[in-house]
Amino acid sequence: MNYRVPVPVPQVILDDVRGAQKMLSGVARVTPMENSRHLSALTGSPVHFKCENLQRTGSFKLRGAYVRIAGLRPEQRAAGVVAASAGNHAQGVALASSLLGVRSTVFMPVGAPLPKVAATQEYGAEVRMHGQVVDETLAAAQEYADRTGAVFIHPFDHRDIIAGQGTVGLEILEQCPEVRTILVGIGGGGLAAGIAVAVKALRPDVKVIGVQAEGAAAYPPSLRVGHPVSIDNPVTMADGIKVGRPGDIPFHIIGELLDGVRTVSEDDLSSALLLCLERAKLVVEPAGCSPVAALLSRPELYGGGGPVVAVLSGGNIDPLLLQRILRHGMAAAGRYLSLRLRVADRPGALAGLLAVLSTVDANVLDVSHVRTDPRLGLTEVEVELHLETKGPEHCAEVARTLHGAGYAVIS
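Residues numbered from 1 in each chain as written. Predicted model: local features only at pLDDT ≥ 70, side-chain atom pairs only at ≥ 80, totals over all residues. Heavy atoms only, no water.

1. Looking at the domain arrangement of the chain
We note that the domain assignment places domain 1 (14-58 + 163-327), domain 2 (61-152) and domain 3 (334-409) within the chain. The gap between the C-alpha centroids of domain 2 and domain 3 is 52 Å. (Domains from an automatic or database assignment.)

Following this line, the structure appears as structure tokens:
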């Protein structure tokens, strides 16, 4: 893309990533690469998952955090470290600090999922809840660092963090040497920048493409104007990439090395999470599913171009959020059908409606009646149905069958 930043920023080079890989030996797992037959058939190219959701702490964040903390001077280690995160970076810093014998304090937003808070504490960090959004939490962590002398461990805007994350790129080239395209989610940009540094130095022919959620896509406008810009109120279920402003160092690298940044919708993300769970038997958080969402939404872009690797960057998801997203994903995939219709308010009318639905094998999840709507006639009742179906074609068949039986579907 060849966007350039006119101010000097610290560089990250291949030697930095290789040094990080040696440092992480025996600490971070070499995560597996899994083939996706479904996406391979859909795109027409072999598709593989790089399963960082199976990394220690459940995401790639341990890599960068460990390299950053391991590089501190003795007096810095003695002062301890502080970080701010909604979850994955928090856990990475907590475990890395414990492994290195460094005291850690982690600030988390008040609404952070309880399983992530508990995991961060179990890895050895002192957790402090502050702020409603990550920007407020980051400010509190920085103030703590200024006041106490603790070293602030930024989640993405540091060369050691980027070098550590770049080890994912080295593993991809080792595990899938024939790779032609790598898709990776982007929040602040540390992972994408690190992968790009490693991959482009060794295989400049490989395309590295970033993926952002539409509601939190700060990179496209930033790249258009040539410098990081903030977006107001980023909104997405993918909290791992819900970042309002690119990091200065990642932005410079991404602008120079990435082959493009694409965006995906919330429906795309939920459908991707559902696919990972059903087809690949992998629990992946929404941010980690963003590369899969890009493949699902525009499969024709990847056909015939050689093997594609989608980086599943994390698997830490609150069970309650998972439940909601699965419902949303099934609806987006046409697996749920909600409709309203009017029937006669007499005994047996509902039984007759359900009998019609049984002929097309639609599973009724719940039924509700409305008798007080002023638009209803004296002998009418409105019925709202939620059905489990087999996909869009089955939904259409249900609608046709109801119409043929004389039922007028309102919505």
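2. Focus: unusual backbone geometry
Negative phi is the rule for most residues except glycine; trans is the rule for most peptide bonds. At Lys281, a residue that is not glycine, the phi angle is positive and equals roughly 60°. Positionally, Lys281 belongs in the loop between α12 (266-278) and α13 (286-297). By relative accessible area, Lys281 is classed as exposed at 63%. Positive phi, normally seen in glycine, also occurs at Asp361, with a value near 60°. Among the structural elements, Asp361 can be located in the loop between α15 (349-359) and β12 (363-370). (Helix = DSSP H or I, 4+ residues; strand = E, 2+ residues; numbered from the N terminus. Buried < 20%, exposed > 50% of the residue type's maximum accessible area, 1.4 Å probe, protein only.)

3. Observations concerning the pattern of salt bridges
Going through the model one piece at a time under the given rule, you end up with 15 salt bridges. A salt bridge links Asp259 to Lys200; the shortest N-O distance between them is 2.7 Å. Here Asp259, found in the loop between α11 (248-257) and β9 (260-264), pairs with Lys200, found in helix α9 (residues 190-202); they are 59 residues apart in sequence, far enough to count as distant. For Asp259, a relative accessible area of 36% corresponds to the partly exposed category. By relative accessible area, Lys200 is classed as buried at 15%. The salt bridge involving Lys390 is made with Asp361; its shortest N-O contact spans 2.8 Å. Of the two residues, Lys390 sits in the loop between β13 (380-388) and α16 (392-404) while Asp361 sits in the loop between α15 and β12, which places them 29 residues apart along the sequence. (Salt bridge = Lys/Arg side-chain N within 4 Å of Asp/Glu carboxyl O.)

4. Concerning the environment of Ser297
Along the chain, Ser297 turns up in helix α13. Counting along the chain gives 27 residues from Ser297 to Ser270, while the straight-line C-alpha distance between them is 12 Å. Residues contacting Ser297, with those up to four places away along its chain left out, are Val264 and Asp268. (Contact = heavy atoms within 4.5 Å.)

5. So, the packing of helix α1 (residues 14-24) against α9
Where α1 meets α9, the closest approach of the two axes is 9 Å, and the angle between their N-to-C directions is 115°. As summarised for this structure, α1 and α9 are arranged roughly perpendicular, according to the angle between their axes. α9 is crossed by α1, and the crossing has left-handed handedness. When α1 is examined against α9, the residues Leu14, Val17 and Arg18 are found in contact with a partner set consisting of Val197, Ala198, Ala201 and Leu202. In terms of residue class, the contact of α1 with α9 is made up of six nonpolar, no polar and one charged. (Axes fitted to C-alpha atoms, helices over the stretch in contact; angles between N-to-C directions. Parallel < 35°, antiparallel > 145°, perpendicular 65-115°, else oblique. Left-handed = near helix turned anticlockwise from the far one by under 90°. Nonpolar A, V, L, I, M, F, W, Y, C, P; charged D, E, K, R; others polar.)

6. A look at the sheet that holds strand β4 (residues 104-108)
With respect to topology, four strands assemble into an open sheet ordered β5-β4-β3-β6, the strand pairing being parallel. Edge positions in the open sheet fall to β5 (126-129) and β6 (151-152), since each of these has one partner strand only. As paired elements, β4 and β5 share four bridges and run parallel to each other. Pairing of Thr105 across the sheet is with Glu126, part of β5. Together, β3 (81-84), β4, β5 and β6 form the strand contacts of helix α7 (residues 134-148), whose direction differs from that of β3 by roughly 165°. (Pairing = 2+ DSSP bridges.)

7. Brief notes about the sheet that holds strand β10 (residues 308-312)
The sheet built from six strands is open, its strands ordered β1-β2-β10-β7-β8-β9 with mixed pairing. The open sheet terminates on both sides in strands that have one partner only, identified here as β1 (33-35) and β9. Averaged over all pairs of adjacent strands, the angle between their axes in this sheet comes to 25°, without regard to strand direction. Across five bridges, strand β2 (residues 47-51) lies against β10 in parallel orientation. Counterpart to Lys50 in the pairing with β10 is Val311. This element, α9, spans β7 (181-185), β8 (207-213) and β10 of the sheet and lies at about 160° to β7. α12 rests against β2, β8 and β9 of the sheet, and its axis sits at about 85° to β9.

8. Overview of the nonpolar core
Ranked by internal contacts, the top residues of the largest apolar core, which has 57 residues, are Ile69, Val81, Ile172, Val179, Ile182, Ile195 and Val311. At eight residues, the largest contribution of residues to this core is made by α9. Taken domain by domain, this core gets at least three of its residues from each of domain 1 (14-58 + 163-327) and domain 2 (61-152). Counting 33 residues, the second largest nonpolar core, distinct from the first, contains Leu39, Ile209, Leu282 and Ile317. (Core = buried A, V, L, I, M, F, W, Y, C linked by side-chain atoms within 4.5 Å.)

9. Considering the environment of Tyr123
Its location among the elements puts Tyr123 in the loop between α6 (114-122) and β5. The class for Tyr123 is partly exposed, based on a relative accessible area of 28%. Placed 118 residues apart in sequence, Tyr123 and Ile241 show a C-alpha to C-alpha distance of 23 Å.

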